[in-house]
Amino acid sequence: MGTRSGIRKKTTKSAAQTVREGMKLAGELQPGDIVLLSGDLGAGKTHFTKGILKGLGAAEDAVSPSFTIVNEHRTGRVPLIHMDVYRLGDIDELYELGFEEYLTGEAVVVIEWADKFPELAELPGRVFSVDIRRRDDIDPDRREIRTRRPDGREDNKC
Ligand SMILES: Nc1ncnc2c1ncn2[C@@H]1O[C@H](COP(=O)(O)OP(=O)(O)OP(=O)(O)O)[C@@H](O)[C@H]1O
Ligand SMILES: [Mg+2]
C-alpha cells in the first residue's frame, strides 16, 4: 500500500515504537544519506532519531539539538549528524554553521524541522523524507509516520 507513490506509512502507539521505526530505517542508511524529518512540536522527531542512532550502533543516546542546533555522534558504524533547524531564521544561517562540511559523504545527516527550508529536499544524493503526524483524535500516543525514500534519480545516472 502506498508503494506506487513511494511513500510508506506506519502507525505507532508509543514513543518506544517510534524509536523502533527509526532503528529499522537505520538498517537502510549509508554514509552520505540525508534524512529530513518534519512534524509538529512533540511529534516524535527526536525519538525517531534516537532509533536511527541506536540502529547505527552508537554508544550514546540522541538528545534534542534544538538549542545546540547540531549534535555530532561518531561512535556508530556511520557517523550521525543530528540537526534541528527550528530556531534558524533562514537557510543561510545553516550554511554559516558549516552545513556543507557535513555533506561530504561520510556521515548520515538527520535534520529536524527540515520542512522549514524546502530547498533541503533538493540536496543532491539520497534524501529520505520522514513526516510524523500526531493522531490525538484517536489516541494521545498515536503517530503516523510517512517515509519517502530516495527516488532513484542517482541510480539513473551512470
Ligand atoms: N507514538 C509516539 N511516538 C513518539 N513520541 C511519542 C509517541 N507517543 C507519545 N510520545 C511522546 O511525544 C513526545 C515526542 O517528543 P520528541 O522530542 O521526540 O518530539 P519532537 O518532534 O522532536 O519535538 P520538537 O518539535 O520539540 O523537536 C515525547 O514526550 C514522547 O514520549
Ligand atoms: Mg525534537
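Up top you'll find the structure we're talking about.
Report on the accompanying structure.

Quick notes on the rules
- Residues numbered from 1 in each chain as written.
- Chains lettered and ligands numbered in written order.
- Predicted model: local features only at pLDDT ≥ 70, side-chain atom pairs only at ≥ 80, totals over all residues.
- Heavy atoms only, no water.
- Salt bridge = Lys/Arg side-chain N within 4 Å of Asp/Glu carboxyl O.
- Helix = DSSP H or I, 4+ residues; strand = E, 2+ residues; numbered from the N terminus.
- Buried < 20%, exposed > 50% of the residue type's maximum accessible area, 1.4 Å probe, protein only.
- Pairing = 2+ DSSP bridges.
- Core = buried A, V, L, I, M, F, W, Y, C linked by side-chain atoms within 4.5 Å.
- Contact = heavy atoms within 4.5 Å.
- 1 Å grid on protein atoms, 1.4 Å probe; cavity = no way out; pocket = protein on both sides within 12 Å on 5 of 7 lines; lining within 4 Å.
- Points joined across faces, edges and corners; volume = space filled by probe spheres on them.
- Nonpolar A, V, L, I, M, F, W, Y, C, P; charged D, E, K, R; others polar.
- Polar contact = N/O pair within 3.5 Å; in protein donor to acceptor, adjacent residues only side chain to side chain.

### A closer look at the pattern of salt bridges
Here is step 1 of the chain: For the coordinates displayed, the defined rule picks out 11 salt bridges.
Here is step 2 of the chain: Where lysine 24 meets glutamate 21, a salt bridge forms, and the shortest distance between an N and an O atom there is 2.8 Å. Here the residue lysine 24 and the residue glutamate 21 both occupy positions in helix α1 (residues 15-26), the gap between them amounting to three residues, near one helical turn.
Here is step 3 of the chain: Connected via shared salt-bridge partners are Arg135, Asp137, Glu144 and Arg146.

### Observations concerning the pairing of strand β4 (residues 80-84)
Remember that side chains alternate between the two faces of the sheet whenever the strand is regular.
Here is step 1 of the chain: Most of β4 is tucked away: five of the five residues are buried.
Here is step 2 of the chain: Of the two faces of β4, the one lined by Leu80, His82 and Asp84 and the one lined by Ile81 and Met83 are each fully buried.
Here is step 3 of the chain: The pairing of strand β3 (residues 70-73) with β4 spans four bridges and is antiparallel. Among the inter-strand pairings, glutamate 72 is bridged to a residue of β4, identified as isoleucine 81.
Here is step 4 of the chain: Linking β3 to β4, which pair antiparallel, is a turn of six residues.

### Some details on the nonpolar core
Here is step 1 of the chain: The biggest cluster of nonpolar side chains holds 21 residues, and the ones touching the most others in it are Met83, Leu94, Phe99, Val109, Ile111 and Leu120.
Here is step 2 of the chain: Setting aside residues no more than four positions away along its own chain, methionine 83 makes contact with Pro65, Ile69, Val70, Leu94, Phe99, Tyr102, Val109, Val110, Ile111 and Glu112.
Here is step 3 of the chain: Core analysis: the second largest hydrophobic core is formed by 20 residues, Leu37, Phe48, Val78 and Val130 among them.

### Remarks on the layout of surface pockets
Here is step 1 of the chain: For the largest pocket, the calculated volume is near 270 Å³.
Here is step 2 of the chain: Residue lining of the largest pocket: 18 residues in total, with Gly42, Ala43, Gly44, Lys45 and His47 positioned closest to the centre.
Here is step 3 of the chain: Elements with a contribution of two residues or more to the lining of the largest pocket: α1 and α2 (45-55).
Here is step 4 of the chain: Here the element with the most residues in the lining of the largest pocket is α2; it accounts for three residues.
Here is step 5 of the chain: Along the lines of polarity and charge, the residues of the lining of the largest pocket split into five nonpolar, eight polar and five charged.

### Thoughts on the side chain of arginine 146
Here is step 1 of the chain: Assignment of secondary structure puts arginine 146 in strand β7 (residues 143-148).
Here is step 2 of the chain: Looking at arginine 146, its side chain comes within polar contact range of the side chain of glutamate 144, at 3.2 Å.

### A short note on the pairing of strand β6 (residues 127-134)
Here is step 1 of the chain: A large share of β6 lies buried, amounting to six of its eight residues.
Here is step 2 of the chain: Bridge count for strand β2 (residues 34-38) against β6 is five bridges, and the pairing is parallel. The residue of β6 that forms the bridge with serine 38 is aspartate 131.
Here is step 3 of the chain: Judged from the six bridges that link them, β6 and β7 form a sheet pairing that is antiparallel. Across the sheet, the residue bridging to serine 129 is arginine 148, located in β7.

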